[in-house]
Amino acid sequence: MPDMRRREFVTLLGGAAAAWPLAARAQQAARLPTIGFLGADATAFSPWTAAFVAHLRELGWIENRTIAIEYRWSEGRTERYAEIAAEFVRLKVDVIVTVGSAVPTVKQATAVIPIVFAVGIDPVATGLVASLGHPGGNVTGLSLQAANLAGKRLELLREIIPRLRRLAIIFNAGNEQTVLEMSETRAAAQTLGLEAVPLEIRRSADIAPAFEVLNAQADALYVVVDQLVVANLMRILTFALSARLPMIFSTRDFVRSGGFMSYGPNYSDMFRRSADYVDKILRGMKPGDIPVEQPTKFELVINVTTAKAIGITIPESFLLRADEIIE
């Protein structure tokens with residue numbers, strides 16, 4: 001009888017030991033495909049993440065059911081990019097979604113995990129991809145065409161502000177992409193006979209001193225958008241409105257927050273479209289084979305409440321051309 005119990009116990013142990021690898025494999029198989037999402041600020045990004053997640057759902061990827069998303073926020077501090085990228089590598093995420101300015105740092109952390117940038121300023125000129133048609137490597141995404149739109153934005157500003165002579169340009173000097181857009185904007189200003197005054201910032205603490213140096217000696221402010229600016233948007237708006245500076249941005253979201261005017265693609269739509277890139281990658285396509293998409297629609301948005309607050313009267317003919325008027 002004791003021998004029989006011993007045999008049963010050994011058999012039980014053997015069965016349990018055999019089941020352990022099966023359980024481990026089942027647990028591994030049950031792991032959801034995971035997206036690492038790197039942005040600047042949860043609140044500022046909320047309309048963009050909502051658009052991204054909504055389109056994922058339309059494509060059959062339901063958060064916490066068929067896919068997992070690990071959100072990480074840099075809070076506008078570029079030194080956080082490397083930390084977050086390293087964490088995504090440790091987590092073995094299946095794809096990383098971010099913005100163009102973070103890509104160079106993320107690429108240093110991994111040449112294997114696919115990277116999708118939802119918004120990127122001239123990705124070829126800044127070295128994010130080899131070409132728009134054939135990105136190559138592990139990176140692809142959507143281009144803003146931001147540098148090419150600088151001249152158009154300044155033309156719109158000058159049309160609505162005939163007295164425009166001196167233009168301030170606030171930009172993150174530590175970001176190669178925004179430096180490129182600033183240079184393009186400065187060149188466009190000179191072509192239009194405007195004096196351009198660059199306001200360099202590299203961290204949140206630089207914003208107040210930049211406006212102090214400006215001392216309201218400008219007729220308008222061109223805001224070059226990146227993660228640092230997004231994380232500090234309300235601070236920049238407060239300083240500019242106090243100085244009664246009309247501000248022009250690259251997308252409507254900042255005008256809804258109190259900015260004066262924007263001209264450019266719809267960021268929510270670009271984040272929505274980035275879900276298509278994630279879908280293709282998770283279904284087996286290589287990022288280097290997915291062409292970089294360029295926007296085809298550009299929106300003019302005006303905040304008439306802000307216009308009144310800073311003493312600008314907008315001609316009716318100009319308002320009729322706007323895609324959206326915020327009151």
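## Notes on helix 9 (residues 233–242)
Since the α-helix advances by 3.6 residues per turn, residues separated by three or four positions end up pointing in the same direction.
No. 1: Looking only at helix 9, the buried set comprises Leu233, Ile236, Leu237 and Ala240. The arc enclosing the buried residues of helix 9, seen along the axis, measures out at 100°, which places them on a common side.
No. 2: For helix 9, the secondary structure elements touched by its buried residues are strand 6 (166–172), helix 7 (207–214), strand 8 (220–223), helix 8 (227–231), strand 9 (247–249) and helix 10 (252–256).
No. 3: Downstream of helix 9 by one or two residues, Arg244 has phi in the positive range, about 55°.

## Comments concerning the pairing of strand 10 (residues 261–264)
No. 1: Side chains of strand 10 alternate between two faces, with Met261 and Tyr263 and Ser262 and Gly264 buried alike.
No. 2: Bridge count between strand 9 and strand 10: two bridges; the pairing is parallel. By the bridge assignment for strand 10, Ile248 is matched with Met261.
No. 3: Where strand 10 lies against strand 11 (residues 299–303), four bridges are found, and the strand directions are antiparallel. Bridge pairing in strand 11 links Ser262 to Val301.

## Some thoughts on the sheet that holds strand 1 (residues 34–39)
No. 1: What the five strands build is an open sheet, ordered 2-1-3-4-5; its pairing is parallel. On the outer flanks of this sheet lie strand 2 (68–73) and strand 5 (139–143), each paired with one strand and no other. For this sheet, the mean inter-axis angle between neighbouring strands, taken without regard to orientation, is 20°.
No. 2: Seen against the sheet, helix 2 (residues 42–58) touches strand 1, strand 2 and strand 3 (95–98) and runs at an angle of roughly 160° to strand 2.
No. 3: Most of the contacts of helix 11 (residues 267–282) go to strand 4 (residues 115–120), to which it runs at about 165°, and overall it touches strand 1, strand 3, strand 4 and strand 5.

Cut-offs used in this document
Residues numbered from 1 in each chain as written. Predicted model: local features only at pLDDT ≥ 70, side-chain atom pairs only at ≥ 80, totals over all residues. Heavy atoms only, no water. Buried < 20%, exposed > 50% of the residue type's maximum accessible area, 1.4 Å probe, protein only. Helix = DSSP H or I, 4+ residues; strand = E, 2+ residues; numbered from the N terminus. Arc of directions from axis to C-beta. Contact = heavy atoms within 4.5 Å. Pairing = 2+ DSSP bridges. Axes fitted to C-alpha atoms, helices over the stretch in contact; angles between N-to-C directions.

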